[in-house]
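Single-letter residue listing:
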Amino acid sequence: MTAAYSKQDIIAELTVPIAEIAKCYPTQRSVIMPALYLAQETYGFLDETAYRAISEILEVPEIWVFELASFYTLYKNKNIGKYNLQLCTNVPCMLRGAYDLFAHLQTRLGINKGETSKDGLFTLTAVECIGSCDVSPAMMVNDTYYTNLSKERVDKLLDQLSQADTDPLTGNEQ
Ligand code: FES
């Protein structure tokens, strides 16, 4: 879900679930990452409002939340497209054609790194290793892995994702 939200909305909605999560962790600081993820799952993306709300809920300095949210690519720090294409460009993937694939995606979508297509469907990012080096090149689309990619497979995937009423993201590795 993508929605505008206020700090008070987040505090009202997430204080109890975050307190439940916190029972599994030794310190408030270690709860920041799952709290960020929960906020992202709830609101679709994260911004400074969400960071401040989480800081307040956990009673930790804002900078702790900001630095974690800006470091990890799993956190969406703006209102991104429906499908977040995260192509790995680390060495094993690069050796198996990730740079060519990235250029292909840029051309096909008409966007550069970090941008979102005009139709709001796709955001393109380059990420560090996503743990699928043995089946590289690899890409995550939201939370789903796509591996052994080629230009043909990427084109087919984009065609599927572009079709209205079709969402092939099943959570299964392909
Ligand atoms: S280097 Fe690309 S998945 Fe590991």
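Residues numbered from 1 in each chain as written. Predicted model: local features only at pLDDT ≥ 70, side-chain atom pairs only at ≥ 80, totals over all residues.

The next thing to look at is the overall build of the protein chain. On a plain count of helices and strands, the protein chain comes out with seven helices and four strands. The helix and strand sequence of the protein chain, counted from the amino end, reads α-α-α-α-β-α-α-β-β-β-α. Projecting the C-alpha coordinates of the protein chain onto the three principal axes gives extents of approximately 50 × 35 × 25 Å. Going through the 174 residues of the protein chain one by one, you find that 26% of them count as buried. For the protein chain, restricting intrachain contacts to residue pairs at least 6 apart in sequence, the fraction spanning at least 24 positions comes to 61%. (Helix = DSSP H or I, 4+ residues; strand = E, 2+ residues; numbered from the N terminus. Buried ≥ 20, exposed ≤ 12 C-beta atoms within 10 Å, placed from the backbone. Contact = placed C-beta atoms within 7 Å.)

This part is about the nonpolar core. Here is a general trend for soluble globular proteins: nonpolar side chains tend to be buried in one another's company. Counting residues in each nonpolar core, the largest one holds 20 residues, and the members touching the most others are L85, L87, L101, L105 and M139. If you list the elements that add at least two residues to this core, you get β1 (83-88), α6 (98-109), β2 (122-127), β3 (139-141) and α7 (151-162). The greatest single-element share of this core, amounting to five residues, is contributed by α6. Aside from chain neighbours lying at most four places away, what touches L85 is L105, F122, T123, L124, T125, M139 and V141. (Core = buried A, V, L, I, M, F, W, Y, C linked by C-beta atoms within 7 Å.)

The next point concerns the domain arrangement of the protein chain. Split into domains, the protein chain comes out as domain 1 (7-71) and domain 2 (83-162). Computed from C-alpha coordinates alone, the two centres of domain 1 and domain 2 are separated by 29 Å. (Domains from an automatic or database assignment.)

A few words now on the packing of helix α2 (residues 32-43) against helix α3 (residues 48-58). The contact between α2 and α3 brings their axes to 10 Å, and the two run at 135°. It follows that α2 is oblique to α3 by the angle criterion. For the crossing formed where α2 meets α3, the hand is right-handed. Contacts between α2 and α3 involve I32, A35, L36, A39 and Y43 from the former and A50, I54, I57 and L58 from the latter. In terms of residue class, the contact of α2 with α3 is made up of nine nonpolar, no polar and no charged. (Axes fitted to C-alpha atoms, helices over the stretch in contact; angles between N-to-C directions. Parallel < 35°, antiparallel > 145°, perpendicular 65-115°, else oblique. Left-handed = near helix turned anticlockwise from the far one by under 90°. Nonpolar A, V, L, I, M, F, W, Y, C, P; charged D, E, K, R; others polar.)

Here the focus is the environment of T116. Structurally, the position occupied by T116 is in the loop between α6 and β2. T116 sits in the partly exposed class, given 19 other C-beta atoms within 10 Å. In this structure, the C-alpha to C-alpha distance between T116 and I57, residues 59 residues apart in sequence, is 31 Å. The contact partners of T116, leaving out residues within four places of it in the chain, are I80, G81, I111, F122 and T123.

We now examine α3. For α3, the full list of buried residues reads A50, Y51, A53, I54, I57 and L58. Buried residues of α3 fall within an arc of 165° about the axis and therefore sit on the same side. Check the buried side of α3 and you find it contacts α1 (7-22), α2 and α4 (62-71). E59 sits one or two positions beyond α3 and adopts a positive phi of about 55°. (Arc of directions from axis to C-beta.)

A separate point is the pairing of β1. Both faces of the sheet carry side chains from a regular strand, because those side chains alternate between them. β1 sits mainly inside the fold: six of its six residues count as buried. Alternating residues of β1 divide into Y83, L85 and L87 and N84, Q86 and C88, and every residue in both groups is buried. Two strands pair when backbone bridges link them, and β1 and β2 are joined in this way by six bridges, in the parallel orientation. Bridge assignment links Y83 to a residue of β2, and that residue is F122. Of the strand pairs in this sheet, β1 and β3 are connected by three bridges, and their pairing is antiparallel. In the strand pairing of β3, L87 is matched with M139. (Pairing = 2+ DSSP bridges.)

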